[in-house]
Amino acid sequence: MSGKAFFIDTTLCTACRGCQIACKQWNQLPATKTTNKGSHQNPMDLSFNTYKVVRFQEHMGPDNKPVWYFFPDQCRHCVEPPCKEASEDDAPDGIYLDSSTGAVIYTDKLRKADTKKIIESCPFNIPRADEKSGRLSKCTMCVERVHNGLLPACVKTCPTGAMQFGDRDKMVTAANARLAQVKTRYPRAQVTGIDDLRVFYLLADEPKNYHLYASVDVAPARMDRKMAMKRIARSLGDLSREWNIIHKLAG
Amino acid sequence: MTNHWIDLRNSDCILIMGSNAAENHPISFKWITDAMKRGAKVISVDPRFTRTSSKADFYAALRSGTDIAFLGGMIKYIIENEKFFKDYLVDYTDASFLVSEGFECKDGLFSGYDKESKKYNKATWAFVKDEKGNPKKDPTLQDPRCVFQLLKTHYSRYNLDTVSATTGTPKEDLLKVYEMYSATGEKGKAGTIMYAMGWTQHTVGVQNIRAMSIIQLLLGNMGVAGGGVNALRGESNVQGSTDQGILFHILPGYLSTPSPAWPTLADYLKRRPKSADPLSANWWQNEPKYMVSLLKSFFGDAATPENSFGYDWLPKVDTGKPYTWLDIFDEMHKGNFTGFISWGQNPAASGANSKKTRAALAKLDWLVNVNIFHGETSSFWKGPDVDPGKVKTEVFFLPCAVSVEKEGSITNSGRWMQWRYKAVEPRGEAWPDGEIIVELMNRLKELYKQDKKAIFPEPILNVKWDYATEGKFDAHKLAKEINGYFLKDVTIQDKTYKKGELVPGFALLQADGSTSSGNWLYCNSYTDKGNMAARRTREKEGIGLHPQWAWCWPVNRRIIYNRASVDKFGNPWNKERAVIRWDAAAGEGKGAWVGDVPDGPWPPMLKADGAPNPATKYPFIMKPEGFASMFGGGLADGPFPEHYEPIECPVEKNLFSAQLTNPTAPTYATSDDIYKSCDPRYPFVGTTYRVCEHWQTGLMTRWQPWLLEAQPQLFVEMSHELAKLRGINNGDRVLVESARGKLEAVAIVTIRFRPFTVQGSVIHEVGIPWHYGWVYPKDGGDSANLLTPSTGDPNTRIPESKAFMVNVKKI
């Protein structure tokens, strides 16, 4: 599989949030008004003006000491994006795959599409709409930087090497190699997305301990990918509502 | 830092204690990550489980203010389990030195304590000397009066039970940390410590660091790659500001501020101890060259041998009188100042006991604030509970350029002086700081010149003041002045240096007025070869010293005390991570050191055949005897670190002695100085800290929308147990209150704070960041320093902002 990919090694992420800020800076996105909700995480979620957010989750670990997981959440740039399929009836050119990188890019033509349908199609709960204009936004893979030989802004700013970016096959190799390295310290470690996404996360623990939508099992047995994605997309409407309820409770 | 940031990657075990590097020194984790990939272990010891702890191999919690108990237990463990590096200890430290018979530590007090003055007479804190005047030694380390045995006895009380009952750290966690870290005592292994304000901001701040220095010496970790004692500085240039003498007690280059103890230059130049041992370099014996060169730099041609190079024009401090931050604001509060220039700082939010600081500012006639934004200091007169009509202080605000709008150097924690160019012109009326200073002095000189009745005008009129080019501050001129010039033709060892040449290194500075240097430590930084700090060549291979990248004091030495990284033959303890090594074939067959710039050119202590080399010098060249000090005779509060509780503490008893708190710690007596220990109104330990997203008082970062978005408001972190006790839910607004002030904050209820079991009782601790202030944002909260007390370390008087007592309740 050609094109590019991110490899995000959460075992190296210190949640400095350089990536979150660099994303806002490069894309010149305004800050949202936030308050402290009893967490270091802020903003509490992605938004039309927030393409990337580092999610914080704390749990009691097996040795009765806390663990604190950090999850830099962003669009996974699916190889076969359900959002693209969801937009094809209303806005055929609304979403395209960048030919050199494989980045999933939303265009202005997406205005014609049913935003709710697109949002609900995403297994990872990524796209966000602008309440006024109804437009959708999400991570662009900084394609304009990548086309000019630069790293995406978030990767460029990461001090620890938690964020990597490059040719997809090289990222696959890097992710697998790193997984082998960390298995001793984190026996439950896993890499997500390596088969069908362009963002791979190395997680030290079960994905659900990082974020509700950290990973979705997109390919159950005896079902092809497209069918699987559709099924997930359908059930996501419920998940999304559930998430909103959880959110309100937390807030 | 004795080492530097990149060198962290060479470590086998990194102890992060008294700092939260992942959040407050985020780039350091680049090098820590490198070390971890190589197999290094990282230990995080902190009252709260932090972003640093989340990455560590092992985390242990301790109650704020109990680090010496924790580390004292480690010293005992290392000695009793023989984890120390014996060759290093005997050859390079004072472990074998015999201590004066009169010295003792009895029930928490060292010999010589005077209750009245709260000070020690240190006469007995000395070594026994032989007939030649050198310290008597017992290389077997068996003599009960040798430093090693005294150390062993002193820490014999620091057993796991007592330490655990004091720190609140479970015994198994103490043991695990001790085992992991003391494994670096093995020859060839390196352990390092990363500390910051979590260790310094205590009434035992200096002794916290001394305790760790003792551990590093016991394990042979000083001078080696991946070792050292590493202070993570809180600002990009705080190392530089200290080097250049910004503190009251030092002139540039760590030369003492003159006082009546040395009424004349001759007295001043005689004050350093002499060594009778020809093998001791005793480097401070060169101080006269540095002091005279500094006076020549200050006063130029006006400084002559006849007028003691202008020594009498230097301000003198009263002997023994502190002029620190705490003391300045105490005097200001008493009305003893008329004016105050607050430059690049925000004391109304940054100093301990903000209520006192803010009240003190109102006692001034005038206040000048030089800053990039208005903050709590320049706006204090319209602050909460202040009636502007009743404040007499006239406030002037001078906007200054930000870092990218000016040229110059900064010196980072690793002692690297790095040149920065100007990216853009300052906006509006903002001036670079250098320009403001140049103009200020120009006006002062003019005023003194015009005023026929001016009192003692010589210091101002005689200051050499030529740092401008076409009327504007010139950073290059100043940098060259700091390096120093030959002021006449000088011949040194057959080589003649011409008048006007830049001095190539401090070994060539002279005490006769023929050289100048604004800071001897920086001599070699800007030479006729160019601006060393502007160099940008990376190392191609090696251990990450990057000798051609920027410049490092002293004389570009990247790891100080590096002559302790080799054995007595000059072979590195660890060949793979050699800092220096003796190459017998180099130097035209005479032998020479290769690698980093060594701590002096002298050959190793032994010749190849094992015979002592009379041309050698001992590795710790800044000490009079040439040996690293485990016995610290010069400090205000004792030669060995001893556990004392913070001035405000949750216990009535110190399990180690009858002495509850540091007997030499300063306290103050204004109406705003209140201290409450074991008071049921303030039952919880409070501490302060920083977050990744804000800087200092937040004066620069609170106006950055993206940073404010990420950390918008003051919060207080607490355990679920404490929250339950007080009926507080996560995200509730709560009141945090000390004997001095109160704050509203958002509660973060977390498993990352756990109650401590201390002396059999449950002790809760809460933590608050100090980056907020009432000026902006309006819903952000105010400074955590409204809670902290005016007390601090007796040596440095850094405030005790890391451990004090508070109450928390739901609003």
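Along each chain, numbering runs from 1 in the same order as the chain's sequence is written. Chain labels run from A onward and ligand labels from 1 onward, assigned in the order the entries are written. Restriction of local features to residues with pLDDT of at least 70 applies here, the model being predicted, together with a cutoff of 80 or more for giving and counting side-chain atom pairs; totals for whole chains, interfaces and linings are based on all residues. Water and hydrogen atoms were dropped before computing side-chain values, which therefore reflect all heavy atoms in the structure.

Asker: Any details on the overall build of chain B? Residues and values, ideally.
Answerer: Helix and strand labels come from DSSP, where a helix needs a run of H or I of at least four residues and a strand needs a run of E of at least two; each type is numbered from the N terminus. Of regular secondary structure, chain B possesses 21 helices and 33 strands. Every radius of gyration here is taken over C-alpha atoms, with the globule rule written as 2.2 Å times N^0.38, N being the number of residues. Rg of the C-alpha trace for chain B: 27 Å, near the compact-globule value of 28 Å for 811 residues, within the 12% margin. Overall size of chain B, expressed as C-alpha extent along the three principal axes, is 80 × 70 × 55 Å. Of the charged side chains in chain B, 97 are positive and 92 negative, and the gap between their average positions amounts to 1 Å. His is not counted here, nor are the chain ends, while Lys and Arg score as positive and Asp and Glu score as negative. Taken as the charge location is NZ of Lys, CZ of Arg, CG of Asp or CD of Glu.

Asker: So, the overall build of chain A: which residues are in play, and what are the values?
Answerer: Looking only at helices and strands, one finds seven helices and ten strands in chain A. Between buried and exposed lies partly exposed: a residue is buried under 20% and exposed over 50% of the maximum accessible area for its type, with that area taken using a 1.4 Å probe on protein chains only. For chain A, the residues scored as buried account for 56% of the 251 residues in total. Between two residues, a contact is recorded if the distance between any of their heavy atoms is within 4.5 Å. Partitioning the intrachain contacts of chain A with sequence separation of at least 6 by distance along the chain shows that 59% fall at a separation of at least 24. For the area figures, the Shrake-Rupley method with a 1.4 Å probe applies, and any residue is considered shielded solely by the protein chains shown. Accessible surface, chain A as shown: approximately 11300 Å² in total, 52% of it carbon and sulfur.

Asker: So what about helix 17 (residues 433–450) of chain B? Which residues, and what values?
Answerer: Residues and elements named next belong to chain B. What a helix should span is 1.5 Å times the count of its residues minus one. Taking 1.5 Å of rise per residue, the 18 residues of helix 17 would be expected to cover 26 Å, and the 26 Å separating its terminal C-alpha atoms lies within 8% of that figure. Where helix 17 is concerned, the buried positions are D433, G434, E435, I436, V438, M441 and K445. Contacts made by the buried residues of helix 17 are with strand 12 (339–343), strand 13 (366–371), strand 14 (394–399), helix 18 (458–462), strand 17 (468–469) and strand 18 (472–473).

Asker: Could you give an account of the packing of aromatic side chains, naming the residues involved and the relevant values?
Answerer: In this description, a pair of aromatic rings is defined by centroid distance and the angle of the planes. Centre distance within 6.5 Å is the pairing criterion for rings of Phe, Tyr and Trp, where only the six-membered ring of Trp is used; planes under 30 degrees apart are then read as stacked, over 60 as edge-to-face, and the remainder as tilted. According to the stated counting rule, one finds 52 aromatic pairs over all chains in the structure shown. Feature note: the residues F97, F103, F110, Y113, Y120, W125, F127, Y618, F627, F631 and F640 of chain B constitute an aromatic cluster, connected by ring pairs. The ring of W26 of chain A carries R145 of chain A above its face, with NZ or CZ at 4.6 Å from the centroid. The ring of W553 of chain B has R415 of chain B sitting right over it, with the charged end atom 5.6 Å from the ring centre. The criterion for a charge sitting over a ring is simple: Lys NZ or Arg CZ within 6 Å of the ring centre, and within 35 degrees of the ring normal.

Asker: Which residues make up the environment of T688 of chain B, and what values go with them?
Answerer: Residue and element names in this part refer to chain B. Along the polypeptide, T688 turns up in strand 26 (residues 684–689). Put simply, T688 and I768 are 80 residues apart on the chain and 4.8 Å apart in space, counted from C-alpha to C-alpha. Excluding residues that lie within four positions of it along the chain, T688 makes contacts with I768, A784, T788, S801, K802 and F804. Between N or O atoms, a polar contact is any pair within 3.5 Å; within protein, one atom must be a potential hydrogen donor and the other a potential acceptor, and residues adjacent in sequence are included only when both atoms are from side chains. Polar side-chain contacts of T688 include one of 2.7 Å to the backbone oxygen of S801.

Asker: I'd like to hear about the sheet that holds strand 16 (residues 416–420) of chain B, residue by residue, with values.
Answerer: Residue and element names in this part refer to chain B. Only strands joined by at least two bridges in the DSSP assignment are considered to pair. Pairing within the open sheet is antiparallel, and its three strands lie in the order 15-16-23. Strand pairing shows two members of the sheet lacking a second neighbour, strand 15 (408–411) and strand 23 (551–552), which therefore form its edges. Sheet analysis places strand 15 next to strand 16, joined by four bridges and oriented antiparallel. Paired with S409 across the bridge in strand 16 is W419.

Asker: Please provide a residue-by-residue account of a nonpolar patch on the surface, values included.
Answerer: A surface patch of nonpolar side chains, about 340 Å² in accessible area, is lined by I341, W366, F396 and L440 of chain B. Mapped onto the fold, I341 of chain B is located in strand 12. Like charges are joined within 9 Å and nonpolar side chains (Val, Leu, Ile, Met, Phe, Trp, Tyr) within 5 Å, but only among residues with over 30% relative accessible area and no salt bridge; these make up the patches. The term salt bridge refers to a pairing of a side-chain nitrogen on Lys or Arg with a carboxyl oxygen on Asp or Glu at a separation within 4 Å.

Asker: Mind laying out the packing of helix 14 (residues 325–333) of chain B against helix 16 (residues 354–361) of chain B, listing which residues take part and the relevant values?
Answerer: Residues and elements named next belong to chain B. A fitted line through C-alpha atoms represents every axis, and for helices the fit uses only the stretch in contact; the resulting angles, taken between N-to-C directions, go from 0 to 180 degrees. Axis separation between helix 14 and helix 16 bottoms out at 8 Å; the angle between their running directions is 50°. Here helix 14 lies oblique to helix 16, going by the angle between them. In this structure, the crossing between helix 14 and helix 16 has a hand that is left-handed. Contacts from F329, D330, M332 and H333 in helix 14 reach K356, T357, A359, A360 and L361 in helix 16. Each residue is assigned to one class: nonpolar for Ala, Val, Leu, Ile, Met, Phe, Trp, Tyr, Cys and Pro, charged for Asp, Glu, Lys and Arg, and polar for all the others, Gly among them. A breakdown of the residues in the contact of helix 14 with helix 16 according to their chemical character gives five nonpolar, two polar and two charged. Working definition: roughly parallel below 35 degrees, roughly antiparallel above 145 degrees, roughly perpendicular at 65 to 115 degrees, and oblique for all remaining angles. Left-handed describes a crossing whose near helix is turned anticlockwise from the far helix by less than a right angle; the clockwise case is right-handed.

Asker: How would you summarise the sheet that holds strand 1 (residues 13–17) of chain B if you had to cite specific residues and measurements?
Answerer: Think of a sheet as strands paired side by side through backbone hydrogen bonds, with each pair either parallel or antiparallel. Residues and elements named next belong to chain B. Read across the open sheet, the five strands follow the order 3-2-1-8-9; overall the sheet is parallel. Lying at the two open borders of the sheet, with one neighbouring strand each, are strand 3 (58–60) and strand 9 (229–231). The average angle at which neighbouring strand axes cross in this sheet is 20°, direction not considered. One ladder, built from three bridges, connects strand 2 (residues 41–45) with strand 3; its direction is parallel. Along strand 3, the bridge assignment pairs S44 with Y59. Its contacts with the sheet place helix 2 (residues 28–37) against strand 1, strand 2 and strand 8 (191–195), and it is angled at close to 140° to strand 1. Where helix 8 (residues 171–182) meets the sheet, it contacts strand 1, strand 2, strand 3 and strand 8, and its direction lies at approximately 135° from that of strand 3.

Asker: So what's going on with the interface of chain B and chain A? Residues and values would help.
Answerer: On the side of chain A, 42 residues touch chain B, which itself brings 44 residues to the contact. As a working definition, buried area equals the accessible area (1.4 Å probe) given up by two parts on being put together, with both sides summed. Here chain B meets chain A over a buried area of about 3400 Å², counting both sides, of which 56% is carbon and sulfur. Where chain B meets chain A, there are six salt bridges. Residue assignment for the side of chain B that touches chain A shows that the elements contributing at least two residues are helix 1 (21–24), helix 2, helix 3 (51–55), strand 3, helix 20 (705–710), strand 27 (715–718) and strand 29 (742–749) of chain B. The leading source of residues in the side of chain B that touches chain A is helix 20 of chain B, at six residues. Partitioning the side of chain B that touches chain A into residue classes produces 22 nonpolar, eight polar and 14 charged.

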